[in-house]
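Tertiary structure, described
What follows is each chain in one-letter form.
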Amino acid sequence: MNFENTITFAAGLDVNDSLNEFRQKFHIPQHNGKDCIYFTGNSLGLQPKSTAKYVQQELNDWAKLGVEGHFHAKNPWMPYHEIFPQQLSTIVGCLPHEVVVMNSLTVNLHLLMVTFYRPTKERYKIICEAKAFPSDQYAFESQVKYHGFDPAEAIIEVAPREGEHILRTEDILSVIQKHGDSVALVLFGGVNYYTGQLFDMAEITKAAHAIGAYTGFDLAHAAGNVELKLHEWNVDFACWCSYKYLNSGPGGVAGVYIHERHARNTSLPRFAGWWGYTKETRFKMEKGFDAIPTAEGWQLSNAPVLSMAAHKASLDIFEEAGMSQLHEKRKRLSAYLHYIMNDINSRQQEKVIEVITPSDKTERGCQVSMLMLKKGREVFDALTKQGVIADWREPNVIRVAPVPLYNTFEDVWQFGNIIETLLKH
Ligand SMILES: *Cc1c(COP(=O)(O)O)cnc(C)c1O
């Protein structure tokens, strides 16, 4: 499609957008009495208007029923987490029994490493992306130390080539091959939080398996954003949070995927709790842990129902919108943003905005990271002043994520217009 950098053109795209009405389902933060341009759905997704009703339902049942709510609430709390696998499995591309909702992201990353990072003297390395999200870095480092290894030797980071911003798949694969049978685990983000690069999870998994290593992905920036086929790609495990693209509220309950070949293996080592115990006999409260032979076997605690109710409200919206429609709109929104940035650059004497997110559609999701070569902070402050909520990363990167559920093409045009106006002065 040939885009145009005009408000009429952007408004036309919105009119023809089949997901246009979904924006009405969200509370949009306000700025001077007007809707903000909210481009930080990659950091904290907006609140669905329906969330209050879902949470209120559980508060009411708690008030009315007390402990009886475990069995007699409208949505009984005991098996509350069982309402998620069907919907989540379509979002991350797996079988329903490969997915479970529990805990928070970094906790789950640790729990999964307990199972999938069991280093030996010969095989102890973790391969990851350089500049992984800090919480992940700390998780890797502390796990390595916990097992008595030296992070400086055991953690192998794959970095971009000199003068480049994103990783080349060929470089990731060659590092995996080079370290061969000293590698215990290959653990990448699905989408890098800083550059917005979407990694080739299928190829990384293949390469990791070829050297006998496990492979896992932190999908914090991928779940609810890009197409995922975890089962088909043969990924061993993955985890994600629900409060970014999945709009389930600050600190919301997180998700885990474990491939069925591992999920079925109840003898795999893990840290156990009563909620991972075989349901039929759980309440006999006997000695000796007997794991559920699905991803549920990694659960520790009973369901945090209030946080799960918020998650459910959001997943119902995803289901109503449909993943393929969401992906289609996401690609168009992001293509329009790339087009606008190129268009602005083309009218400057020298390039001012270097988009460091891959230009290849198959290597990115919603997020666009822009390295500002001129007036970075000024541009960001002007955006903030005019009601654009974006994200600033030192030294001079602006991250924005137009999301298909509630952002519009007009948002993207406005964003470009504010930047261009500022550059004129
Ligand atoms: C957002 C994010 C986190 C945050 O972890 P929490 O445990 O939810 O606080 C961790 N890792 C990555 C890659 C993230 O993007």
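Description of the structure in this document. (Residues numbered from 1 in each chain as written. Predicted model: local features only at pLDDT ≥ 70, side-chain atom pairs only at ≥ 80, totals over all residues. Heavy atoms only, no water.)

With respect to the nonpolar core
- Counting 68 residues, the largest nonpolar core has Ile-127, Val-186, Phe-188, Leu-219, Leu-230, Trp-240 and Leu-405 as its most contacted members.
- The element best represented in this core is helix 12 (residues 305-321), accounting for 8 residues.
- Residue contributions to this core reach at least three from each of two domains, namely domain 1 (7-49 + 322-424) and domain 2 (79-302).
- In this structure, Ile-340, Ile-353, Met-370 and Trp-392 belong to the second largest nonpolar core, which totals 34 residues. (Core = buried A, V, L, I, M, F, W, Y, C linked by side-chain atoms within 4.5 Å. Buried < 20%, exposed > 50% of the residue type's maximum accessible area, 1.4 Å probe, protein only. Helix = DSSP H or I, 4+ residues; strand = E, 2+ residues; numbered from the N terminus. Domains from an automatic or database assignment.)

Re the pairing of strand 12 (residues 368-372)
- Of all the 5 residues making up strand 12, 5 are buried; the element is thus mostly covered by neighbouring parts of the structure.
- Because side chains alternate across strand 12, one face comprises the buried residues Val-368, Met-370 and Met-372, and the other comprises Ser-369 and Leu-371, equally buried.
- The pairing of strand 11 (residues 353-355) with strand 12 spans 3 bridges and is antiparallel. Bridge pairing links Glu-354 to Leu-371 in strand 12. (Pairing = 2+ DSSP bridges.)

Things to note about the site of the ligand
- Close to the ligand lie Leu-105, Thr-106, Phe-133, Asp-136, Asp-218, Ala-220, His-221, Tyr-243 and Lys-244.
- For the ligand, an oxygen atom lies 2.6 Å from a polar atom in the side chain of Tyr-243.
- Within the complex, the protein chains bury 81% of what would otherwise be the 390 Å² of accessible surface of the ligand. (Near = heavy atom within 4 Å. Polar contact = N/O pair within 3.5 Å; in protein donor to acceptor, adjacent residues only side chain to side chain. Areas by Shrake-Rupley, 256 points an atom, 1.4 Å probe, with all protein chains shown as cover.)

Concerning the pattern of salt bridges
- For the coordinates displayed, the defined rule picks out 24 salt bridges.
- A salt bridge links Lys-279 to Glu-296; its shortest N-O distance comes to 3.0 Å. In this pair, Lys-279 is assigned in the loop between helix 11 (260-263) and helix 12 and Glu-296 in the loop between helix 11 and helix 12, connecting sequence segments 17 residues apart.
- On the accessibility criterion, Lys-279 (31% relative accessible area) is partly exposed.
- The network of salt bridges with shared partners includes Arg-23, Asp-35 and Asp-411. (Salt bridge = Lys/Arg side-chain N within 4 Å of Asp/Glu carboxyl O.)

Some thoughts on the packing of helix 4 (residues 85-92) against helix 12
- Relative to each other, helix 4 and helix 12 sit at 55°, their axes nearing to 10 Å. The pairing of helix 4 with helix 12 is recorded here as oblique in orientation. Helix 12 is crossed by helix 4, and the crossing has left-handed handedness. The residues of helix 12 that touch helix 4, namely those facing Gln-87, Leu-88 and Ile-91, are His-311, Lys-312, Leu-315, Asp-316, Phe-318 and Glu-319.
- Across the contact of helix 4 with helix 12, the residue classes break down as 4 nonpolar, 2 polar and 3 charged. (Axes fitted to C-alpha atoms, helices over the stretch in contact; angles between N-to-C directions. Parallel < 35°, antiparallel > 145°, perpendicular 65-115°, else oblique. Left-handed = near helix turned anticlockwise from the far one by under 90°. Contact = heavy atoms within 4.5 Å. Nonpolar A, V, L, I, M, F, W, Y, C, P; charged D, E, K, R; others polar.)

Some remarks on the packing of helix 2 (residues 51-65) against helix 12
- Across the interface, helix 2 lies against helix 12 with an axial gap of 8 Å and an inter-helix angle of 145°. The handedness of the crossing between helix 2 and helix 12 comes out as right-handed. Here Thr-51, Tyr-54, Val-55, Glu-58 and Leu-59 of helix 2 lie close against helix 12, whose contacting residues are Val-305, Leu-306, Ala-309, Ala-310, Lys-312, Ala-313 and Asp-316.
- When its residues are assigned to classes, the contact of helix 2 with helix 12 shows 8 nonpolar, 1 polar and 3 charged.

A word on the packing of aromatic side chains
- Under the criterion given, the structure shown has 21 aromatic pairs.
- Feature note: the residues Phe-3, Phe-9, Tyr-336, Tyr-339 and Phe-409 constitute an aromatic cluster, connected by ring pairs.
- Here the basic side chain of Lys-25 rests over the ring of Phe-22, its NZ or CZ set 5.2 Å away from the ring centre.
- It is Lys-244 that lies over the ring of Phe-133; its NZ or CZ is 4.9 Å from the centre. (Phe/Tyr/Trp six-rings, centres within 6.5 Å; stacked < 30°, edge-to-face > 60°. Lys NZ or Arg CZ within 6 Å of the ring centre and 35° of its normal.)

What to know about the environment of Ser-50
- Mapped onto the elements, Ser-50 comes out in the loop between strand 3 (37-38) and helix 2.
- Considered as a pair, Ser-50 and Asp-316 are 266 residues apart in the sequence and their alpha carbons are 9.7 Å apart.
- Not counting residues up to four positions away in its chain, the partners in contact with Ser-50 are Ala-313 and Ile-317.

Quick word on a nonpolar patch on the surface
- A cluster of nonpolar side chains, Trp-274, Phe-283 and Met-285, forms an exposed patch at the surface whose accessible area comes to about 330 Å².
- Its place among the elements puts Trp-274 in the loop between helix 11 and helix 12. (Patch = residues over 30% accessible without salt bridge, like charges linked within 9 Å, V, L, I, M, F, W, Y side chains within 5 Å.)

Describing the sheet that holds strand 12
- Pairing is antiparallel across the open sheet formed by 4 strands, whose spatial order is 11-12-15-14. Edge positions in the sheet fall to strand 11 and strand 14 (391-393), since each has one partner strand and no second. Going from strand to strand, the sheet's axes swing by 30° on average, the running direction of each strand aside.
- Summarising the sheet, strand 14 and strand 15 (residues 397-400) pair through 3 bridges and their orientation is antiparallel.

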